[in-house]
Amino acid sequence: MKKIKIGAIGLGRLGLQHAENVAFKIPNAELTAICDMNEEKLNQVQKDWNIPYAYTDFDEMIKNKELDAVVITSPSALHTQQIANALEAGLHVFSEKPLGTTVEECKIAEEAVEKHQDKVFMLGFMRRYDPSYAYAKKKIENGEIGRPILFRGYSQDPESCIEGAIAYAGHSGGQFIDMAVHDIDLARWMMGSEPKSIFAIGGCYAHPEFGKYKDGDNVSALMQLEDDAMVFLFAGRTAPHGYNVETEIIGTKGILRIANVPQKNLVEILDEHGVRKECSQDFLERFEQAYIEELNEFIDCILTGRKPEVTVYDGTKTTEIAYKCKEAFETNELIRL
């Protein structure tokens, strides 16, 4: 079977993981080119992995006629234009979230995808491809918990990573767009309905540095969906124990809980501290398999000529909802959509 030749932009934490997955863990893909502004890191990765091409300019990379597709893991503000440019160059596109840093940017991405419907476009909402979330989704679809009436999503980053979060705060868009967007996507996907009202609260409980960006270190939102079901989201940056993502879906006939007690694996440690389980320390560790599965899906869509379930419109909708959450948080008012 033909191997899809990929050009990857961005060699930060997640970008490097995506590039490594393409290079070594996706059977029908080949990492043909990499792009990053950090020339030292770029050259080192090219040498270590024997990558044919390396670029510091994305627009130069997408001129490479050997490429079939690109994986975009650049800074969020660059996503929209790079998506449009890559599609215009005749390439399939996988882009990390967010689709754009504003709803207006998302609309530009929509237009580009609509213009090039012969190409595969996929957005990186990787939790949909986590085996546990995929399993829970099938339970809901099969009616095993009855009518879903409440979605509860917690996303917490460890306190040990707070310096990085503070440094990134100025262009992150805030916790709702940077963190809670994954829970927003899950809620829409699992509950099968859109929000009609949102109320959000939170604050700078441990780190006042976020206040100057009209953001908090811990925030939450309560939503009512169009079918009157409920959604509660919590996003925090100060978890003392590690990276913590947990989800609960309550139905009229049953309840699903995913990672209700966050744990790295099934090992229990019995020592002088008592009996305990270790917790994942970052998103790369917790969602390692999901990142592989979503790229497998992207490549398979290219090879089979089908389109992925995650669309450009999912990116726009989650961005719209995230900014409504931010508006509700900043104004302390109920927002009706």
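Before reading on, note that the structure itself is shown above.
None of the values given here were measured: they were computed from a predicted structure.

Thresholds applied
- Residues numbered from 1 in each chain as written.
- Predicted model: local features only at pLDDT ≥ 70, side-chain atom pairs only at ≥ 80, totals over all residues.
- Heavy atoms only, no water.
- Buried < 20%, exposed > 50% of the residue type's maximum accessible area, 1.4 Å probe, protein only.
- Helix = DSSP H or I, 4+ residues; strand = E, 2+ residues; numbered from the N terminus.
- Pairing = 2+ DSSP bridges.
- Core = buried A, V, L, I, M, F, W, Y, C linked by side-chain atoms within 4.5 Å.
- Contact = heavy atoms within 4.5 Å.
- Axes fitted to C-alpha atoms, helices over the stretch in contact; angles between N-to-C directions.
- Arc of directions from axis to C-beta.
- Polar contact = N/O pair within 3.5 Å; in protein donor to acceptor, adjacent residues only side chain to side chain.
- Parallel < 35°, antiparallel > 145°, perpendicular 65-115°, else oblique.
- Nonpolar A, V, L, I, M, F, W, Y, C, P; charged D, E, K, R; others polar.
- Salt bridge = Lys/Arg side-chain N within 4 Å of Asp/Glu carboxyl O.

1. As for the pairing of strand β11 (residues 244-251)
Point 1. Of all 8 residues making up β11, 7 are buried, and the element is well covered by its neighbours.
Point 2. Relative to β11, strand β7 (residues 148-158) runs antiparallel, the two being bridged by 8 bridges. Its bridge partner being in β11, F151 is matched across the sheet by I249.
Point 3. Here β11 runs beside strand β12 (residues 255-258); their pairing, made up of 4 bridges, is antiparallel.

2. Some words on the nonpolar core
Point 1. Residues I6, F58, M61, V70 and F298 are the most contacted members of the largest nonpolar core, which totals 53 residues.
Point 2. If you tally residues by element for this core, the top one is helix α11 (residues 288-304), at 6 residues.
Point 3. Not counting residues up to four positions away in its chain, the partners in contact with M61 are G7, A8, I9, A33, I34, C35, Y55, L67 and V70.
Point 4. Membership of the second largest hydrophobic core comes to 43 residues, among which are L14, I184, Y291 and C325.

3. Points about the sheet that holds strand β4 (residues 69-72)
Point 1. The 6 strands are arranged β3-β2-β1-β4-β5-β6 in an open sheet whose pairing can be described as parallel. Whereas interior strands pair on both sides, the edge strands pair on one side only; in this sheet they are β3 (53-55) and β6 (121-124). On average, each strand axis in the sheet is tilted by 25 degrees relative to the strand beside it, whichever way the strands run.
Point 2. Relative to β6, strand β5 (residues 92-96) runs parallel, the two being bridged by 4 bridges. Bridged to F94 within β6 is M122.
Point 3. Across the sheet, helix α4 (residues 79-88) lies against β1 (4-9), β4, β5 and β6, angled at about 170 degrees from β5, the strand it touches most.
Point 4. Across the sheet, α11 is in contact with β1, β2 (29-35), β4, β5 and β6; its angle to β5 comes to roughly 160 degrees.

4. Focus on helix α2 (residues 39-49)
Point 1. L42, V45 and W49 are the residues of α2 that are buried. The buried side chains of α2 occupy one side of the element, clustering within an arc of 70 degrees when seen end-on. Pointing more than 90 degrees away from the buried face of α2 are the exposed residues E39, E40, K47 and D48.
Point 2. Those residues of α2 hidden inside the fold are in contact with α1 (13-24), β2 and β3.
Point 3. For α2, the side-chain oxygen to backbone nitrogen distance between the N-cap and E40 is 3.2 Å, and the N-cap itself is N38.

5. Overview of the packing of α4 against helix α5 (residues 103-115)
Point 1. Running from N to C, α4 and α5 point in directions that differ by 10 degrees, and their axes come no closer than 9 Å. Overall, the two elements α4 and α5 adopt an arrangement that is roughly parallel. Between α4 and α5, the residues in contact are T80, A84, L87 and E88 and E105, I108, A109, A112, V113 and K115, respectively.
Point 2. Of the residues that constitute the contact of α4 with α5, the class distribution is 6 nonpolar, 1 polar and 3 charged.

6. Digging into the pattern of salt bridges
Point 1. All chains considered together, the criterion is met by 26 salt bridges.
Point 2. Ionic pairing is found between R188 and D314, a salt bridge with its closest N-O pair at 3.1 Å. Here R188 is found in helix α9 (residues 181-191), whereas its partner D314 is found in helix α12 (residues 312-331), with 126 residues between them in sequence. One exposure class covers both R188 and D314, and it is buried.
Point 3. The partner of E248 in a salt bridge is R257, with the nearest N and O atoms 2.6 Å apart.
Point 4. In this structure, a network of salt bridges that share partners links the residues R128, D185, R188, E194, E309 and D314.

7. A look at the environment of H116
Point 1. Along the chain, H116 turns up in the loop between α5 and β6.
Point 2. Note: C-alpha distance between H116 and A8 (108 residues apart in sequence) is 20 Å.
Point 3. Here H116 is in contact with L87 and E88, once residues within four sequence places are set aside.

Without other data, these values stay purely geometric and don't point to any function.
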